[in-house]
Amino acid sequence: MSHKVPGIPGLPDPIVLATDASVTPELAASGFLSTTGHTGLRAHAYPPYLARPSARVVVTELRAVYWGLTTVLTAHPGRPVETRVDNLQALTFLRRWQQGGSQMPDGYDTHLRSRGVKPSLVKLQMLAEYTPHLTFLHEKAHSGHPLNEAADSLSKLALRCLRGSVPHTELPRLIPLWAKGALRDYRRSLTTE
């Protein structure tokens, strides 16, 4: 599920995109938030054949980047995007792909999915390699960065929805509240630096 909330007017390029993931042994969830106001979350049962258990976190982190980038780039083609991730393994893959590498996380199945769809990480590898003006940076987790904290909260909210502890009907109310608060705090952080 993705939403568009008001972004931060007047912010210069690049667009900043924060992504994060939450993983349990059976479930995977991701969330993202950008300074354009694009936000999203998704959660699903984790198909064990897609990657070895040790690679689930990095795969889900990279999927969060894929969903966030495709959303932002579709709405703002050609604009520079700075993607901030808090997982160093994911960052390593992104930077290698940007340099033309093609290695995938350990055990990730690159075969076509149902109806001939390319796997999301294969599409992300191509985005990283062939899209100009993309930057991938590390953002330390749980250090108080407003966009990273919001992406983390969105991924956890997606898990809670999938488990049934938060009704899906609450998402249209909760997502904009968290996103607006994070964007406001991010703007404040820029003026205090």
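Residues numbered from 1 in each chain as written. Predicted model: local features only at pLDDT ≥ 70, side-chain atom pairs only at ≥ 80, totals over all residues. Heavy atoms only, no water.

**Student:** Please clarify how unusual backbone geometry should be interpreted in this entry.
**Tutor:** Residues apart from glycine generally show negative phi values, whereas peptide bonds are mostly found in trans. The backbone phi angle of Arg-115 is positive, close to 60°, even though this residue is not glycine. Of note in the backbone geometry, His-133 takes a positive phi value of approximately 65° without being a glycine. Mapped onto the fold, His-133 is located in the loop between helix H3 (120-130) and strand S6 (134-138). Accessibility expressed as a relative area gives 52% for His-133, which makes it exposed. (Helix = DSSP H or I, 4+ residues; strand = E, 2+ residues; numbered from the N terminus. Buried < 20%, exposed > 50% of the residue type's maximum accessible area, 1.4 Å probe, protein only.)

**Student:** Would you mind going over the nonpolar core with me for this structure?
**Tutor:** Within soluble globular proteins, side chains that are nonpolar generally end up buried alongside one another. Ranked by size, the top nonpolar core spans 30 residues in total, and within it Leu-62, Leu-69, Trp-97 and Leu-124 carry the most contacts. Going through the elements one at a time, strand S2 (15-23), strand S3 (27-34), helix H1 (56-75), strand S5 (81-85), helix H2 (88-98), H3 and S6 are the ones with two or more residues in this core. In terms of residue count, the dominant contributor to this core is H1 (eight residues). Leaving out residues up to four positions away in the same chain, Leu-69 has contacts with Leu-17, Thr-74, Val-81, Thr-83, Leu-124, Leu-127, Leu-134 and Phe-136. If you look at the next biggest cluster of nonpolar residues, it comprises twelve residues, including Leu-41, Leu-157, Leu-174 and Ile-175. (Core = buried A, V, L, I, M, F, W, Y, C linked by side-chain atoms within 4.5 Å. Contact = heavy atoms within 4.5 Å.)

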